[in-house]
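Inside the fold
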Amino acid sequence: MPNYRNLKIALGIEAAAVALCAVLLASGVTPGTEPSHPQAPDRKAVSAEDSRDLEQTAAGIWKKESAENQDAGRNADSGNPDSEQKDYIKWVDFDVTAEAMKRACQYDTDTYGKEVHLDWIDLLAILGAKYGGDFKRYRADDLDSIAETLLSGESAVGDYTKDMKYFPYYREAYGAVLGGMVGEYQLEQPPGTDSRPEKSEAESAEETSAHWKSCYGLKAFSPIAKGFPYSDFDDFGVARSYGYRRSHLGHDLMGQVGTPIISVESGRVTALGWNQYGGWRIGIESFDKKRYYYYAHLRQNRPYAEGLKEGDIVQAGDVIGYMGRTGYSKKENVNNIDESHLHFGLQLIFDESQREGSGEIWVSGYELVRFLSRNRSEVIRNDETKEWTRIYQMHDPSVPAS
């Protein structure tokens, strides 16, 4: 199996290719060695008008003091030098469309408990290998054809993908982005929603109170609470100039100050407080330690859900804070952002050295947020405290016992 450290990424422009090759050489890559880790496919050549943006993006991702590292308010250390000798993914482009995620997720949910259960990440990774990661080529018929072949029993995933050189890479990369978003969970149900005709008398008596329902499916949420308007566009990689020129390694969702911000996935709060780039911000790490979610520019004076503190465990769908426009100031609690919005960032971690410093991997959240918009947490306001909380609780099996 190819070694990711042997990867020679062809960006289609000389400057970006040189920048990336320099990084690979600096990390100890020796041409001609026998590889052992999933290798990313070569990047496609790009048009001349995109070349400058790609050059800046390549340089920004690999620079010692990475832009988003400072935006996330953490120190830019060089990481563990021993990690340079390990095999792990060092670059991910995530442009899987919301439409592809929705259809793959539906196959996963519909086949749960059946003789052949289709894993949505497997399906998307097969498409990734087929398209070379370019989901502009996505056709629903392609996904349907893959699903039908697997469901027919003609071929298992291992057999189907055995000749797909890059399937292991896409399976690991997409698994890092989407792992934990689909699965089993329990969701609190409102009174009177259990309409089973075989209900016992005891169950009928409980109809006046909320109850729990075992579910399988999408258990991740939009970062914006249900009923609150927002607007967005694909802004990943656009230029930012505060502090120094850098690329925007996140996704902005514009809305009203005070809009409740939702935890996309269950996880642990690992960062809370002020930094000059993100203002009041929250960092949440997934329990498998593959994903770091970054929520920034929160509300002045009262940025966080009441009582939230570093080290807390949050469930997917919980209110964690409130939209604002803080940041771009060394002084705390300052509104220096022109338009109120949430900066939503998603960092992938394949090795401990990638948590901070030059090896950080941030992926676009635009299509992911579009996909998650179908699952928005319903919230209610406490008029006394003026705090918003979710209406129906969820039990996520991935949450460790306290």
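Look up a bit, the structure's there.
Sequence order as written defines the numbering, with residues in each chain counted from 1. Per-residue local features are limited, in this predicted model, to residues with pLDDT of at least 70; the limit for side-chain atom pairs, both in listing and counting, is 80 or more; totals at the level of whole chains, interfaces and linings are taken over all residues. Water and hydrogen atoms were dropped before computing side-chain values, which therefore reflect all heavy atoms in the structure.

**Details of the overall build of the chain**
Assigned secondary structure in the chain consists of 10 helices and 17 strands. Classification of residues uses two cut-offs on accessible area relative to the type maximum, computed with a 1.4 Å probe and protein chains only: under 20% is buried, over 50% is exposed, and between them is partly exposed. Looking at the chain as a whole, 52% of its 402 residues are labelled buried. Summed over all atoms, the accessible surface of the chain reaches about 18600 Å², with 47% contributed by carbon and sulfur. The way it works is that DSSP assigns letters per residue, a run of H or I at least four long becomes a helix, a run of E at least two long becomes a strand, and they are numbered from the N terminus. Method for areas: the Shrake-Rupley scheme with a 1.4 Å probe, in which residue coverage is limited to the protein chains shown.

**Observations concerning the packing of helix α4 (residues 98-110) against helix α6 (residues 140-151)**
In contact at an axis separation of 10 Å, α4 and α6 are set at 20° when each is read in the N-to-C sense. With respect to each other, α4 and α6 are oriented roughly parallel. Here α4 runs over α6; the crossing is right-handed. Residues Ala100, Arg103, Ala104 and Tyr107 of α4 lie in contact with α6, whose contacting residues are Ala140, Leu143, Asp144 and Ala147. For this scheme, ten residues count as nonpolar: Ala, Val, Leu, Ile, Met, Phe, Trp, Tyr, Cys and Pro. Four count as charged, namely Asp, Glu, Lys and Arg, and the remainder, Gly too, count as polar. A breakdown of the residues in the contact of α4 with α6 according to their chemical character gives 6 nonpolar, no polar and 2 charged. Where helices are involved, their axes are fitted lines through C-alpha atoms of the stretch in contact, as for all axes, and angles between N-to-C directions lie from 0 to 180°. Any angle between 65 and 115 degrees counts as roughly perpendicular, while under 35 counts as roughly parallel, over 145 as roughly antiparallel, and the rest as oblique. In this scheme the crossing of two helices becomes right-handed for a clockwise turn of the near helix relative to the far one and left-handed for an anticlockwise turn of less than a right angle. Note on definitions: a residue-residue contact is assigned when non-hydrogen atoms from the two residues lie within 4.5 Å.

**A look at unusual backbone geometry**
Most peptide bonds take the trans form, and the phi angle of most residues other than glycine is negative. Of note in the backbone geometry, Lys289 takes a positive phi value of approximately 65° without being a glycine. Along the chain, the position of Lys289 falls in the loop between β9 (279-286) and β10 (291-296). Of note in the backbone geometry, His297 takes a positive phi value of approximately 65° without being a glycine. By secondary structure assignment, the location of His297 is in the loop between β10 and β11 (313-314). For His297, a relative accessible area of 4% corresponds to the buried category.

**Overview of the environment of Val399**
Looking at where Val399 falls in the secondary structure, it is placed in the segment after β17 (394-395). For the pair formed by Val399 and Ser286, sequence separation is 113 residues and the distance between their alpha carbons is 9.5 Å. Beyond its immediate sequence surroundings of up to four residues, Val399 is in contact with Ser266, Phe287, Ile313 and Gln315.

**What to know about the nonpolar core**
Throughout this description, the term nonpolar core refers to a set of buried Ala, Val, Leu, Ile, Met, Phe, Trp, Tyr and Cys residues connected via side-chain atoms within 4.5 Å. Counting residues in each nonpolar core, the largest one holds 79 residues, and the members touching the most others are Trp120, Leu124, Tyr174, Leu178 and Tyr295. Leu249, Ala271, Tyr292 and Ile349 belong to the second-largest nonpolar core, a separate cluster that totals 7 residues.

**Quick notes on α6**
A helix is expected to reach a length of 1.5 Å times the quantity of its residues less one. Helix length check: α6, at 12 residues, gives a terminal C-alpha distance of 16 Å against a target of 16 Å (1.5 Å per residue), a fit within 8%. Every buried residue of α6 is accounted for by Asp142, Leu143, Asp144, Ile146, Ala147 and Leu150. Considering only its buried residues, α6 is in contact with α4, α5 (120-131) and α7 (157-160). Of the residues one or two after α6, Gly153 is the one with positive phi, at around 85°.

**Things to note about the pattern of salt bridges**
In what follows, salt bridge is the name for a side-chain nitrogen of Lys or Arg lying within 4 Å of a carboxyl oxygen of Asp or Glu. The full count for this structure, using the stated rule, is 18 salt bridges. One salt bridge connects Arg291 with Glu265, and the closest N-O pair in it is separated by 2.8 Å. Taken together, the residues Arg291 in strand β10 and Glu265 in the loop between β7 (260-262) and β8 (267-275) connect sequence positions 26 residues apart. Look at Glu265 and you get buried, because its relative accessible area is 7%. Notably, a salt bridge pairs Arg302 with Glu387, separated by 2.9 Å at the nearest N-O pair. Of this pair, Arg302 sits in the loop between β10 and β11 while Glu387 sits in strand β16 (residues 387-390), placing them 85 residues apart in sequence. What you see here is one network of salt bridges that share partners, running through Glu285, Lys289, Glu352 and Arg355.

**Observations regarding the packing of aromatic side chains**
Classification of ring pairs rests on two measures: the distance between centres of Phe, Tyr or Trp rings, Trp counted by its six-membered ring, which must be within 6.5 Å, and the angle between planes, read as stacked under 30 degrees, edge-to-face over 60 and tilted in between. Summed over all chains, the structure comprises 15 aromatic pairs. Measuring from ring centre to ring centre gives 3.8 Å for Tyr112 and Tyr216, while their planes differ by 5°; the resulting arrangement is stacked. Remark: Tyr216 occurs in strand β2 (residues 211-218) and Tyr112 occurs in the loop between α4 and α5; sequence separation between them is 104 residues. Remark: a charge is flagged as sitting over a ring if the NZ atom of Lys or the CZ atom of Arg is within 6 Å of the ring centre and within 35 degrees of the ring normal. Here the basic side chain of Lys90 rests over the ring of Tyr88, its NZ or CZ set 4.0 Å away from the ring centre. For Arg390, the ring lying beneath its charged end belongs to Phe221, and the centroid distance is 5.5 Å.

**What to know about the sheet that holds β2**
Strands qualify as paired when DSSP identifies two bridges or more between them. Strand order in this open sheet of 3 strands is β2-β1-β17, and the pairing throughout is antiparallel. If you trace the sheet from one side to the other, it starts and ends with β2 and β17, each paired once. Where strand β1 (residues 182-189) lies against β2, 8 bridges are found, and the strand directions are antiparallel. Paired with Gln189 across the strands is His211, a residue of β2. The strands touched by α4 are β1 and β2; relative to β2, the strand with the most contacts, the crossing angle is about 125°.

**What to know about the side chain of Ser222**
With respect to the helices and strands, the residue Ser222 is situated in the loop between β2 and β3 (231-232). Within the local environment of Ser222, its side chain forms a polar contact with the backbone nitrogen of Ile224, the two atoms lying 3.2 Å apart. Between N or O atoms, a polar contact is any pair within 3.5 Å; within protein, one atom must be a potential hydrogen donor and the other a potential acceptor, and residues adjacent in sequence are included only when both atoms are from side chains.

**Remarks on the pairing of β10**
Counted residue by residue, β10 has 6 buried out of 6 residues, so it is predominantly covered. One ladder, built from 4 bridges, connects β9 with β10; its direction is antiparallel. In the sheet register, Gly283 faces β10, and the bridge partner there is Tyr294. Connecting β9 to the antiparallel partner β10 that follows it, the hairpin turn spans 4 residues, and Lys289 within it adopts a positive phi of roughly 65°.

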